[in-house]
Amino acid sequence: MPAFPVPGSRRRIRSAHVMAAGCAVAICTALAAPVAADGGTTTTTTTTTTTTTTKPTIVLVHGAFADASSWNGVVERLERRGYTVIAPANPLRGLYTDSTYIASVLDSIKGPIVLAGHSYGGAVISTAAAANPRVKSLVYVSALMPDVGESGMSLGAKFPSELGTATKSVPYRAGGVSGTDLYLKPDRIHPVFAADLPENTARVMAVTQRPAATTAFSEKAKVAAWKHIPSWFLVAKQDKTINPDQERFEAKRAGSHTVEINSSHVAMISHPDAVTALLLQAATATDPARPALAATGTTRGARAETALTGIAASTLLAGTGAVLLGRRLRRSRS
């Protein structure tokens, strides 16, 4: 005589089937979960977890003889990618004063920060980022990157450039304080500072330049945030303001993720796409010690690793479902 389930057993078997189906849905949801392409604010919800990733605010600090508008092309590209960008005015009054001011700007920002500096701005961010745990990455664009006890002048003495022939000194007085400003000579801006920009653009830069006090280059760094914060560096191979060999030395010393391009000193103006790409590497790095694109060497490798992780999770879920179903069936027969 065939065995029939005892009363109520069909209901238990039906419940076990529902549990198994739920496990299958969880597996499919986990495998189909989207991945944020550029570290954006993305919420992914499965039957068991919710994950949120927040895009960092990107802060762009300009250097001497320039203003924040030098980042305009980069700002436009980053904002199109959905990033919040701040390009504050660097006072250019001295390393200690300027870094204190930029540090106060950072204190006003909520969430993670990618901090970038061009030229002298690199020295400023190296100090301003110290002891700020929200600064996740530092990006240097043809920049100064002094160690403790070094200054822009001491680094320049080791790696001479044409900048010394391109500046003029002008005394200034302000609020009872006097000092000396450095300007770029108008006829030297194009060949030394911005050789890959049109000459008429260089003429406008000469008229609108912001001078830097000599203390910006003479004051020695008291901290070096790049020793503790992952860094990225763009070397401008045609730079005549900062010797490219100095840039390579700084980047190698800091263990920076480095790219080199054929650019003058103002790479963010003449090559905004390349500078933006480097900032995105720093902003989307999944491992804080290295850029995302170098995590496995190839995109295919990264995808394979993700797929293996998904398969392992799916196997665990399927196994759990099978065990629960087996237990229910055995109980129904007893």
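The residue numbers shown here count from 1 along each chain, following its written sequence. Predicted model: local features are reported for residues with pLDDT of at least 70 only, side-chain atom pairs are reported and counted for 80 or more only, and whole-chain, interface and lining totals are derived from all residues. Hydrogens and water are ignored here; the side-chain numbers use all heavy atoms of the structure.

Details of the pattern of salt bridges
Working step 1: A carboxyl oxygen of Asp or Glu within 4 Å of a side-chain nitrogen of Lys or Arg is what we treat as a salt bridge. For the coordinates displayed, the defined rule picks out eight salt bridges.
Working step 2: One salt bridge in this structure joins Arg 93 and Asp 181, with 2.8 Å as the shortest N-O distance. Here the residue Arg 93 occupies a position in the loop between β4 (85–86) and α3 (95–107), and Asp 181 occupies one in strand β8 (residues 177–184), the gap between them amounting to 88 residues.
Working step 3: Here Arg 248 and Glu 260 are joined by a salt bridge, their closest N and O atoms 2.8 Å apart. With a gap of 12 residues between them, Arg 248 in helix α9 (residues 244–254) and Glu 260 in strand β11 (residues 257–261) connect regions that are remote in the sequence.
Working step 4: Here the salt bridges do not stand alone but share partners, grouping Glu 150, Lys 158 and Arg 253 into one network. For the purposes of this entry, the term helix denotes a DSSP run of H or I that reaches at least four residues, the term strand denotes a run of E that reaches at least two, and both are numbered from the N terminus.

A closer look at the sheet that holds strand β6 (residues 135–141)
Working step 1: Here we have six strands laid out as an open sheet, ordered β4-β3-β5-β6-β10-β11, and parallel in their pairing. Single-partner strands in this sheet number two, and they are β4 and β11.
Working step 2: Note that strand β3 (residues 57–61) and β4 share two bridges and pair parallel. Residue Ile 58 lies in a different strand from β4, and its bridge partner there is Val 85.
Working step 3: Between two residues, a contact is recorded if the distance between any of their heavy atoms is within 4.5 Å. Every axis in this analysis is a line fitted to C-alpha atoms, fitted for helices over the stretch in contact. Angles between the N-to-C directions lie between 0 and 180 degrees. The strands that helix α11 (residues 272–284) touches are β3, β5 (113–118), β6, β10 (231–236) and β11; relative to β10, the one it contacts most, it runs at about 165°. At least two bridges found by DSSP between two strands are what make those strands a pair.

Some remarks on the environment of Asn 262
Working step 1: Its location among the elements puts Asn 262 in the loop between β11 and α10 (267–270).
Working step 2: Asn 262 gets classed as partly exposed once you look at its relative accessible area, which sits at 48%.
Working step 3: Sequence spacing of Asn 262 and Asp 196 is 66 residues, and the spatial spacing of their C-alpha atoms is 9.3 Å.
Working step 4: Ignoring anything within four residues of it in the chain, the contact list for Asn 262 reads Asp 196, Lys 237, Gln 238 and His 271.
Working step 5: A polar contact of 3.3 Å, which involves the side chain of Asn 262, links it to the side chain of Gln 238. Buried, partly exposed and exposed residues are distinguished by accessible area as a fraction of the type maximum, computed with a 1.4 Å probe on protein chains only: under 20%, between the cut-offs, and over 50%, respectively. Residues adjacent in sequence count toward polar contacts only when both atoms are side-chain atoms; beyond that, a polar contact is any pair of N or O atoms within 3.5 Å, and within protein one must be able to donate a hydrogen and the other to accept it.

Overview of the confidence of the model for the chain
Working step 1: Averaged over every residue, the pLDDT of the chain is 80; residues scoring 70 or more account for 70%.
Working step 2: Here residues 1–51 scores under 50 on pLDDT; set against residues more than four positions off or in separate chains, the count is 51 contacts.
Working step 3: One confidence number per residue, pLDDT, is output by the predictor and ranges from 0 to 100. Below pLDDT 50 for its whole length, residues 290–334 participates in 35 contacts with residues either more than four positions away or in separate chains.

A word on α3
Working step 1: Multiplying 1.5 Å by the helix residue count minus one yields the expected span of that helix. In this model, α3 (13 residues) spans 18 Å end to end at C-alpha, consistent with the 18 Å of a helix rising 1.5 Å per residue.
Working step 2: Along α3, the residues that are buried comprise Leu 95, Asp 98, Ser 99, Ile 102, Val 105 and Leu 106. Buried residues along α3 cover an arc of 110° about the axis, so they all sit on one side. Pointing more than 90 degrees away from the buried face of α3 are the exposed residues Thr 100 and Asp 107. Working note: the arc is built from the helix axis to C-beta atom directions.

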